[in-house]
Amino acid sequence: HLHTGHSHVSGRAVLQVKAMPVTSSDATDELLFAVKAGVGTVTFNRPAARNALTFGMYQRLQEICQDIDSDGPVKVLVLTGSGDRAFAAGTDISQFRAFSTPDDAIAYEQRIDAVLSALERCPVPTIAALAGACTGGGAAIAAACDLRIATNDFKFGFPIARTLGNCLSAANLARLSALLGAGRVREVIFTSRLTGAQEALALGLVSELANDRNDLMSRAEVLAVQLMEQAPLTLQATKEALRRLGGSDQVDDQDLIVMCYTSDDFREGLEAFLGKRKPNWTGR
């Protein structure tokens, strides 16, 4: 299991993580991981819940990414979701009911950023193979991958202004802005709309579209083989240089995170979402 603790560096709480080694084939009920012919495949495996992400799934993804070595058996990492309805439809919302303090909110966003940072720092190319809904935490994971391919029914977004009333961290906003531009990020978050497959292709959010999930996974395999034929140091240097250019971890956004996650509106949004009703926002 993942062991976590907290230290403080320059006044900011930092999540410290000790990861487990990755074997060539490792699976849990909720997240599957297997390696075949140099391609490691992570599958989010909660299809009945549209692969909504539990904290355990986030932690397992982080472990896998941290334990991949550039000289190891995994040369390319593919991330996908089980079934054809969703890649991952965000964080499992019921887990937010346990939030009661500002520290809960800050620790959650730091946990997510630690996962996404591990994905970005993974020394091999990462491909997100996206079928159906890709929202919230799932969209953040997809955005942190190197390449994205999708099915024709792909939907991408962060409808939090309509559902929960929480916010994205500055690091996640930086990741999205690098992909879409700040203006587009404002528009999609302010309106809560989801970006469809054709728009995503036109924006460069995804590089190609597939007819269905079977076609998608076949294309992911072809793309993975293509990447394995490229000079690995070129890919690694390009990936790391772009990560460093982001510089998204220098922004202090804890006051904004606490403002949203400890608000009456967040509690209202949470209960409305779980109760399948429309939230009544008050701005408090």
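If you're wondering where the values come from, they're calculated on a predicted model, not measured in any experiment.

How each quantity is defined
- Residues take numbers from 1 onward in each chain, read along the sequence in its written order.
- Given that this is a predicted model, residues contribute local features only at a pLDDT of at least 70 and side-chain atom pairs are listed and counted only at 80 or more, while totals for whole chains, interfaces and linings are drawn from all residues.
- Side-chain figures throughout are based on the complete set of non-hydrogen atoms in the structure, without hydrogens or water.
- Runs of H or I in DSSP of at least four residues are treated as helices and runs of E of at least two as strands, each being numbered from the N terminus.
- When a residue's accessible area, from a 1.4 Å probe over protein chains only, is under 20% of the maximum for its type it is buried; when over 50% it is exposed; and in between it is partly exposed.
- By definition, residues are in contact when any of their heavy atoms lie within 4.5 Å.
- Note on areas: Shrake-Rupley, 1.4 Å probe, and residue coverage restricted to the protein chains presented here.
- A 1.4 Å probe that fits but cannot get out identifies a cavity on a 1 Å grid over protein atoms alone, an open set with protein on both sides within 12 Å along at least five of seven lines counts as a pocket, and a residue lines either if it has an atom within 4 Å of a point.
- Grid points are joined across faces, edges and corners, and a volume is the space filled by probe spheres set on the points.
- Here is the rule: rings of Phe, Tyr and Trp (six-membered ring for Trp) pair when centre to centre is within 6.5 Å. Planes less than 30 degrees apart are stacked, more than 60 are edge-to-face, and the remainder are tilted.
- Remark: a charge is flagged as sitting over a ring if the NZ atom of Lys or the CZ atom of Arg is within 6 Å of the ring centre and within 35 degrees of the ring normal.
- Here a polar contact means two N or O atoms within 3.5 Å. Within protein one must be a hydrogen donor candidate and the other an acceptor candidate, and residues neighboring in sequence count only if both atoms are side-chain atoms.
- A pairing counts as a salt bridge when a side-chain nitrogen of Lys or Arg comes within 4 Å of a carboxyl oxygen of Asp or Glu.
- The pairing criterion is simple: DSSP has to find at least two bridges between the two strands.
- We call a set of buried residues a nonpolar core when its members are Ala, Val, Leu, Ile, Met, Phe, Trp, Tyr or Cys and they connect through side-chain atoms within 4.5 Å of each other.

Let us look at the overall build of the protein chain. Secondary structure assignment for the protein chain yields ten helices and 13 strands. Taking all 284 residues of the protein chain together, 48% fall into the buried category. Sequence separation of at least 24 residues holds for 69% of the intrachain contacts in the protein chain that already meet a minimum separation of 6. When the accessible area of the protein chain is evaluated, it comes to approximately 13,600 Å², of which 53% is carbon and sulfur surface.

Now for the layout of surface pockets. Taken as a whole, the second largest pocket spans an internal volume of roughly 690 Å³. Lining the second largest pocket are 33 residues, with A89, G90, T91, I93 and T135 sitting closest to its centre. Breaking the lining of the second largest pocket down by element, the ones donating at least two residues are α2 (102-121), β9 (133-135), α3 (137-144) and α10 (264-274). Counting residues per element, the lining of the second largest pocket draws most heavily on α2, at three residues.

Per the stated rule, a full pass over the model turns up twelve aromatic pairs. An aromatic cluster is present here, built from F55, F96, F99, Y108, Y261 and F266 joined pairwise through their rings. One cation-aromatic arrangement involves R111 over F55; the distance from NZ or CZ to the ring centre is 4.6 Å.

Turning next to the environment of D92. If you trace the backbone, D92 turns up in the loop between β7 (86-89) and α2. Taking the relative accessible area as the measure of exposure, D92 reaches 16% and is therefore buried. When the C-alpha positions of D92 and N51 are compared, they lie 8.6 Å apart, and in sequence the two are 41 residues distant. When near neighbours in sequence (up to four residues on either side) are disregarded, D92 contacts R46, A52, L53 and T54. Reaching out from D92, the side chain makes a polar contact with the side chain of R46 at a distance of 3.1 Å.

Attention shifts here to the pattern of salt bridges. In the structure shown here, the tally under the stated rule is 14 salt bridges. Here R60 ties to E63 by a salt bridge, and the two come within 2.7 Å at their closest N and O atoms. A residue pair is termed a helical-turn pair when its members lie 3 or 4 positions apart in one helix, as R60 and E63 do in helix α1 (residues 55-67) at three residues. Notably, a salt bridge pairs E240 with R243, separated by 2.7 Å at the nearest N-O pair. Highlighted residues: E240 and R243, both in helix α8 (residues 232-246), separated by three residues, approximately one helical turn. Its relative accessible area of 22% is what places R243 among the partly exposed residues. A cluster of three or more residues bridged by salt bridges with shared partners is formed by R184, E187, R193 and E199.

Attention now moves to the sheet that holds β9. Pairing is mixed across the open sheet formed by four strands, whose spatial order is β7-β9-β11-β12. The outermost strands of the open sheet, each flanked by one partner alone, are β7 and β12 (195-196). Across two bridges, the pairing between strand β11 (residues 155-157) and β12 is antiparallel. Within the sheet, the bridge partner assigned to F156 lies in β12 and is T195.

For strand β4 (residues 31-36) and strand β5 (residues 39-44), the ladder comprises six bridges, and the chain directions are antiparallel. Within β5, the residue paired with L31 across the bridge is F44. Linking β4 back to β5 in an antiparallel pair, the connection comprises two residues, with A37 at a positive phi of about 50 degrees.

Further remarks concern the nonpolar core. Counting residues in each nonpolar core, the largest one holds 61 residues, and the members touching the most others are F44, L79, I141 and F154. No other element matches α2, which puts seven residues into this core. Aside from chain neighbours lying at most four places away, what touches I141 is F44, L53, Y58, L61, L79, F87, L116 and L119. The next biggest cluster of nonpolar side chains, apart from the first, holds 13 residues, and it includes V39, I127, L223 and A224.

Positive phi is not limited to glycine here, since R50 has a value of about 50 degrees. As for its position among the elements, R50 is in the loop between β5 and α1. Positive phi is not limited to glycine here, since S192 has a value of about 65 degrees. Among the secondary structure elements, S192 is positioned in the loop between α5 (182-191) and β12. The buried category is assigned to S192, whose relative accessible area is 9%.

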